[in-house]
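Working through the structure, step by step
Residue strings, one per chain:
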Amino acid sequence: MEDSLGNKALKGVSWSAIDNIAGSGVVFLVGLVLARLLSPQEFGLIGMVTIFIAVSNSIINSGFSSALIRKTDASDKDYDTVFIYNLIVSLLLYLTLYVCAPLISQFYNTPKLTVITRVIGIVLIFNALGIIQYTLLVKAVDFKTQAKISIISSVGSGIIGISMAFYGLGIWSLVAQQISRQFLNSLFLWIFNSWRPSFQFSKRSFKELFGFGSKLMLSGIIATVFQNAYYLVIGKFYTPAILGQYTRAEQFKNIFSQNLTSIVHRVSYPVLSTIQNEEERLLAAYRKVIKTTMMITFALMLGMVAVAKPMVLVLIGEKWMPAVLYLQIMCFAGMLYPLHAINLAMLQIKGRSDLFLKLEIYKQIIMILPIALGIFLGIEYLLLGSVITSFIAFFLNSYYSAALIKYSTLQQIKDIFPTFIIALIMAIIIWPLSLLSWNNWIILLLQITMGGIIIILLYEKYDFDEYKGLKQLIIRFIQNKRDCPR
């Protein structure tokens, strides 16, 4: 049983990592090309409508995906009911967005946002069509299929976006990239997945799933509003160009923090849900996930702080120099994102969506602080405030999850503190290289090489359990690949 669970987790982590690295990596590379072809202002215009699309998607999903994943005996009626709900709500929200588009452009005092909002809003419908197909793959821990779909949609939409930007279509290249990516993603989810709706809507299923999912929906909406409130504040009180700089910094930060969060949550939630009633196994697995995840996260995020300047200059050029400072500050907040997700996942696994909602309300009240700082003092203070709120959020998340699994906040800190110190030492050693007046390519390569050597040597020296476990995981994955028939 233990070996079966381990193999399931191993395959899930492996293919989930491939999915995120390949799919998000392609999107990241496409973003680099587009950043060289387009201006910060054009990225800022897309950023202005981001919050409206993000909130709408939160409403469409409504926490039903998590409810279906958690439910061990989900029926066809359950899936049909959620599919019908998603589709109807997506159509209503798109209509609402279409009607309200002029108000959005008036709010930002940017007339061209009306047509941009109306066109990009189509992604809501495409997203709704693929939610159940995606949920089924997650529940089956089938990240191999997801990886294929992600790569196809990312490459296809990237070709479309870059081609349009090359021919001078400006902002519309970004719009087309986002729409085509969601369209291709949903299309191939249907092609690679055998499930088809029979359009049976069950009031009983809806009531049962909504009882759990509604609290997650409210939590998701609240979190999405405040997470994207920075777009709203920067777009309203600053310029589209500054918002564009912020969005580029965020993309760099997300390549590690968001992808690690996604990998860990997508695998740990369905796998740990299967042992939710086995307290000792659950605690041991949960603790292992936290220690291993944060060991990787600290190294990558603090390393990015150290290499931010040469990395930005090499990859997207001098016109994005303001994004360097934004990125460095954001990395300190972003390094805790996977930890937030793991603690919140425990509340879902234990069926405590009520605590999940309560936590989101508490945290978003705290987030008023950085928003106020951003409005009155400047964008740098907004970002610094977000670092403070990220640390406060960790204490809140871990406090509530600790009560359910007997894994205290203090114990979590003790478990992750040693690897944090090692990552910090590595970053402090390689950061001064970015101040040299050498070629930025040379500086970047030197920093990455030195950082990798330092971190591995220190991990080897102190021989952490999580490091040994990660090495064994990698060796096991390689051996499995070798043993597979060609």
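Per chain, residue numbering runs from 1 following the sequence as it is written. Residues qualify for local features only when their pLDDT is at least 70, as the model is predicted, and side-chain atom pairs are given and counted only at 80 or more; totals for whole chains, interfaces and linings, by contrast, use all residues. Remark: hydrogens and water are excluded; side-chain values derive from all non-hydrogen atoms of the structure.

What follows covers the nonpolar core. Within the largest apolar cluster, 112 residues are counted, with the highest numbers of intra-cluster contacts made by Tyr246, Phe252, Ile290, Leu327 and Tyr459. Helical segments are the DSSP runs of H or I of at least four residues, strand segments are the runs of E of at least two, and each set is numbered from the N terminus. Among the elements that take part in this core, helix α13 (residues 279-315) stands out by supplying 17 residues, more than any other. Here, two residues are considered to be in contact whenever any of their heavy atoms come within 4.5 Å of each other. Setting aside residues no more than four positions away along its own chain, tyrosine 459 makes contact with Met295, Ala299, Thr419, Ile422, Phe464 and Tyr467. For our purposes a nonpolar core is just a set of buried Ala, Val, Leu, Ile, Met, Phe, Trp, Tyr and Cys residues, chained together by side-chain atoms within 4.5 Å. Three exposure classes are used, based on accessible area relative to the maximum for each residue type with a 1.4 Å probe and protein chains only: buried under 20%, partly exposed in between, and exposed over 50%. Counting residues in each nonpolar core, the second largest holds six residues, with Leu344, Leu347, Phe356 and Leu359 among its members.

Here we take up the packing of helix α10 (residues 229-237) against helix α17 (residues 368-376). Two numbers describe a pair of packed helices, the interaxial angle and the distance between the axes. In this analysis an axis means a line fitted to C-alpha atoms, helices contributing only their contacting stretch, and an angle means the value between N-to-C directions, from 0 to 180 degrees. It is the contact of α10 with α17, at a shortest axis distance of 10 Å, that shows an interaxial angle of 15°. Here α17 runs roughly parallel to α10, going by the angle between their axes. Where α10 crosses over α17, the handedness of that crossing is right-handed. For the pair formed by α10 and α17, the contact residues are Ala229, Tyr230, Val233 and Phe237 on the first element and Pro370, Ile371 and Ile375 on the second. Here the residues of the contact of α10 with α17 sort into seven nonpolar, no polar and no charged. Working rule for angles: under 35 degrees goes down as roughly parallel, over 145 as roughly antiparallel, 65 to 115 as roughly perpendicular, anything else as oblique. When the near helix sits turned anticlockwise from the far one by under a right angle, the crossing is termed left-handed; a clockwise turn instead gives a right-handed crossing. Gly is placed with the polar residues, together with every amino acid not listed as nonpolar (Ala, Val, Leu, Ile, Met, Phe, Trp, Tyr, Cys and Pro) or charged (Asp, Glu, Lys and Arg).

With that settled, the discussion passes to the confidence of the model for the chain. When pLDDT is averaged along the chain, the result is 81; 86% of the residues meet or exceed 70. pLDDT gives the predictor's per-residue confidence on a scale running from 0 to 100. Across residues 1-8, where pLDDT falls below 50, the model places 10 contacts with residues more than four positions away in sequence or in other chains.

Below, the discussion takes up the packing of helix α2 (residues 40-61) against α10. As a packed pair, α2 and α10 sit with axes 8 Å apart at the nearest point and diverge in direction by 145°. As for how α2 packs across α10, the hand of that crossing is left-handed. Across from Gly47, Met48, Thr50, Ile51 and Phe52 in α2, the residues of α10 making contact are Ala229, Tyr231, Leu232 and Gly235. For the contact of α2 with α10, the per-class residue count stands at six nonpolar, three polar and no charged.

Here the focus is the side chain of serine 173. Within the element layout of this structure, serine 173 appears in helix α8 (residues 171-192). A relative accessible area of 0% places serine 173 in the buried class. Nitrogen and oxygen atoms within 3.5 Å of one another constitute a polar contact, given that in protein one can donate a hydrogen and the other can accept it, and given that sequence-neighbouring residues count only through two side-chain atoms. A distance of 2.5 Å separates the side chain of serine 173 from the backbone oxygen of glycine 170, its partner in a polar contact. In this structure serine 173 touches Leu34, Leu38, Gly161, Met164 and Ala165, once residues within four positions along its chain are discounted.

This next bit is on the packing of aromatic side chains. Stacked, tilted and edge-to-face pairs are distinguished by plane angle, under 30 degrees for stacked and over 60 for edge-to-face with tilted covering the rest, among Phe, Tyr and Trp rings (Trp via its six-membered ring) whose centres lie within 6.5 Å. Counted under the stated rule, the structure contains 15 aromatic pairs. Look at phenylalanine 43 and tryptophan 320: their rings are 5.6 Å apart centre to centre, the planes differ by 80°, and that puts the pair in the edge-to-face class. With a gap of 277 residues between them, phenylalanine 43 in helix α2 and tryptophan 320 in the loop between α13 and α14 (322-334) connect regions that are remote in the sequence. Residues phenylalanine 43 and tryptophan 320 agree in their burial class; the two are buried.

Every case where a carboxyl oxygen of Asp or Glu lies within 4 Å of a side-chain nitrogen of Lys or Arg is listed as a salt bridge. The tally for this structure, following the rule as stated, stands at one salt bridge. Ionic pairing is found between arginine 287 and aspartate 415, a salt bridge with its closest N-O pair at 2.7 Å. Residue arginine 287 is found in helix α13, and its partner aspartate 415 is found in helix α19 (residues 409-430); the two are separated by 128 residues along the sequence. With relative accessibility at 33%, the residue arginine 287 sits in the partly exposed group.

What follows is about the side chain of glutamine 251. As for its position among the elements, glutamine 251 is in helix α11 (residues 240-254). Glutamine 251 sits in the buried class, given a relative accessible area of 17%.

To estimate how far a helix should reach, multiply one less than its number of residues by 1.5 Å. An ideal rise of 1.5 Å per residue puts 32 Å on 22 residues; α19 measures up with 31 Å between its terminal C-alpha atoms. In the structure, α19 departs most strongly from a straight axis at isoleucine 416, where the bend amounts to approximately 40° and where the proline proline 418 lies between one and four residues downstream. If you check which residues of α19 are buried, you get Thr409, Gln412, Asp415, Ile416, Thr419, Ile422, Ala423, Met426, Ala427 and Ile430. Note on bend: at a given residue it equals the angle between the axes fitted to the 7 residues ending there and to the 7 starting there.

The next point concerns the environment of tryptophan 172. For tryptophan 172, the location among the structural elements is in helix α8. Taking the C-alpha atoms as reference points, tryptophan 172 and glutamate 42, 130 residues apart in sequence, are found 9.1 Å from one another. Dropping the residues within four chain positions of it, tryptophan 172 is found in contact with Val115, Ile116, Val119 and Met164.

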